[in-house]
Amino acid sequence: MSVKTDHRHLYLQVIDRIKKDIEQGVYKEKEKLPSEFELAKQLGVSRATLREALRVLEEENVIIRRHGVGTFVSSRPMFTSGIEQLSSVTEMIRQAGRKPGTIFLSSSIQKPTEDDIKRFQCHKEEDLLIVERVRTANNEPVVYCIDKVPCKYLPKGIAYENESLLEILHNEANRYIAYAVTHIEPLGYHEKVSPILQCEPETALLVLKQMHFDENDEPILYSIDYFKSDKFSFHVLRKRV
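First, a word on what this report is: a plain description of the structure on this page. Per-chain numbering applies: the sequence of each chain, read as written, is numbered from 1 onward. Reporting of local features is limited, given that this is a predicted model, to residues whose pLDDT is at least 70; pairs of side-chain atoms are given and counted only at 80 or more, and all residues count toward the totals for whole chains, interfaces and linings. The side-chain values count all of the structure's non-hydrogen atoms but skip hydrogen atoms and water molecules.

Some points on the overall build of the protein chain
Part 1 of the argument: Each helix corresponds to a stretch of at least 4 residues labelled H or I by DSSP, and each strand to a stretch of at least 2 residues labelled E; elements are numbered beginning at the N terminus. When helices and strands are tallied, the protein chain shows seven helices and ten strands.
Part 2 of the argument: In this setup the radius of gyration rests on C-alpha atoms only. A globule is expected at 2.2 Å times the number of residues raised to 0.38. Over its C-alpha trace the protein chain gives a radius of gyration of 22 Å, far above what one expects of a compact globule, namely 18 Å for 241 residues.
Part 3 of the argument: On the principal axes, the C-alpha backbone points of the protein chain span a range of 70 × 45 × 35 Å.
Part 4 of the argument: Residue exposure (1.4 Å probe, protein chains only): buried if accessible area is under 20% of the type maximum, exposed if over 50%, otherwise partly exposed. Taking all 241 residues of the protein chain together, the buried fraction comes to 41%.
Part 5 of the argument: By the convention used here, residues are in contact when the closest approach between their heavy atoms is within 4.5 Å. Sequence separation of at least 24 residues holds for 59% of the intrachain contacts in the protein chain that already meet a minimum separation of 6.
Part 6 of the argument: Summed over all atoms, the accessible surface of the protein chain reaches about 14,000 Å², with 48% contributed by carbon and sulfur.
Part 7 of the argument: The positive count covers Lys and Arg only, the negative count covers Asp and Glu only, and His and the chain ends enter neither. In plain terms, the charge of a residue is placed at NZ if it is Lys, CZ if Arg, CG if Asp and CD if Glu. For the protein chain, the separation between the mean place of its 35 positive charges and that of its 37 negative charges on side chains is 6 Å. Per-residue and other accessible areas follow the Shrake-Rupley method at a 1.4 Å probe size, with only the shown protein chains counted as cover for residues.

In structure tokens, the structure reads:
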């Protein structure tokens, strides 16, 4: 199992070897890796080299290190999507072959904050609908969502508790969301959201803050979505110009 026949930096060889072992099922998801002493001995490298490799693997979310407990293989993302593709959470879950569901938490009508007035370019007396929900995949909570939309865009009496707001705006309000400006923020354990999503203490969150615009560049919907980082993976296609 020694990696010393390769001529690259040893820690890079160790990284590739551990990744290969995980891909081949030598180490399975959520399985505990051997101790640093045992793993370094198996690979024929020093513990300092192994620790550098484990540090990189942890940054890449391949492994999780729990202080005083050990090192574990991370769960593979259940969902992956190009960040340049504007899809609803419901669509993402369906595309992954899971059954989407919704746990409705609350809704309220509120006046816009100063930030909301800037986002929506609205008057301070306009009403906003604020909806708080948890989206599920095969009954497992995976995304915590807060959505804001001006009440003037939604038909009265519409049922929004369990449906995609993007689909409602398109099908019921004749408002087609053409694009969104998205900000992505990594977040550690969140006192409110993490327990709702049943996160392990070391499970991070990916927060997507999105302002959605229609075909006329009018701001329609603002959303804050907290994704479990062990369930979702986002990537972006970058082109040279």
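On we go.
Thoughts on the environment of Glu-202
Part 1 of the argument: Note that Glu-202 resides in the loop between helix 7 (193-196) and strand 8 (205-214).
Part 2 of the argument: The exposure class of Glu-202 is partly exposed, given its relative accessible area of 29%.
Part 3 of the argument: Taking the C-alpha atoms as reference points, Glu-202 and Tyr-189, separated by 13 residues in sequence, lie 7.1 Å from one another.
Part 4 of the argument: Apart from the residues lying within four places of it in its own chain, the contact partners of Glu-202 are Ile-64 and Arg-66.

Brief notes about the pattern of salt bridges
Part 1 of the argument: The term salt bridge refers to a pairing of a side-chain nitrogen on Lys or Arg with a carboxyl oxygen on Asp or Glu at a separation within 4 Å. According to the stated counting rule, one finds 18 salt bridges in the structure shown.
Part 2 of the argument: In this structure, Arg-55 engages Glu-59 in a salt bridge whose closest nitrogen and oxygen atoms are separated by 2.7 Å. Here Arg-55 and its partner Glu-59 are both found in helix 3 (residues 47-59), four residues apart, which amounts to about one turn of the helix.
Part 3 of the argument: For Arg-55, a relative accessible area of 34% translates into the label partly exposed.
Part 4 of the argument: Residue classification places Glu-59 among the exposed residues on the basis of a relative accessible area of 59%.
Part 5 of the argument: The shortest N-O distance in the salt bridge between Glu-132 and Lys-192 comes to 2.9 Å. Within this pair, whereas Glu-132 is found in strand 5 (residues 128-137), its partner Lys-192 is found in the loop between strand 7 (177-187) and helix 7, the two being separated by 60 residues in sequence.
Part 6 of the argument: With relative accessibility at 43%, the residue Lys-192 sits in the partly exposed group.
Part 7 of the argument: By sharing partners, the salt bridges in this structure join Glu-36, Arg-47 and Arg-51 into a single network.

Details of the nonpolar core
Part 1 of the argument: Buried Ala, Val, Leu, Ile, Met, Phe, Trp, Tyr and Cys residues form a nonpolar core when they are joined through side-chain atoms within 4.5 Å. In this structure, Val-14, Ile-18, Leu-50 and Leu-57 are the most contacted members of the largest nonpolar core, which totals 18 residues.
Part 2 of the argument: Every element with two or more residues in this core is listed here: helix 1 (10-23), helix 2 (36-43) and helix 3.
Part 3 of the argument: The leading source of residues in this core is helix 3, at five residues.
Part 4 of the argument: Residues Phe-120, Tyr-144, Leu-205 and Val-207 belong to the second largest nonpolar core, which totals 15 residues.

Thoughts on the sheet that holds strand 7
The strands making up a sheet associate through backbone hydrogen bonding, with each pair oriented either parallel or antiparallel.
Part 1 of the argument: Two strands pair if DSSP finds at least two bridges between them. Spatially, 4-5-6-9-8-7 is the arrangement adopted by the six strands of the open sheet, whose pairing is antiparallel. Sheet topology places strand 4 (100-110) and strand 7 at the edges, where each strand pairs with a single neighbour. If you compare each strand with its neighbour and ignore which way they point, the axes differ by 15° on average.
Part 2 of the argument: Pairing geometry for strand 6 (residues 140-150) and strand 9 (residues 219-228), over six bridges, is antiparallel. The residue of strand 9 that forms the bridge with Lys-148 is Tyr-222. Fitted lines through C-alpha atoms give the axes, limited to the stretch in contact for helices. The angle between two N-to-C directions lies from 0 to 180 degrees.

So, the environment of Gln-210
Part 1 of the argument: Among the secondary structure elements, Gln-210 is positioned in strand 8.
Part 2 of the argument: Residue Gln-210 is classed as buried on the basis of its relative accessible area of 10%.
Part 3 of the argument: The sequence separation of Gln-210 and Ile-130 amounts to 80 residues, and the corresponding C-alpha distance is 14 Å.
Part 4 of the argument: Residues in contact with Gln-210, not counting those within four places in the same chain, are Leu-86, Ala-180, Val-181, Thr-182, Leu-221, Tyr-222, Ser-223 and Asp-225.

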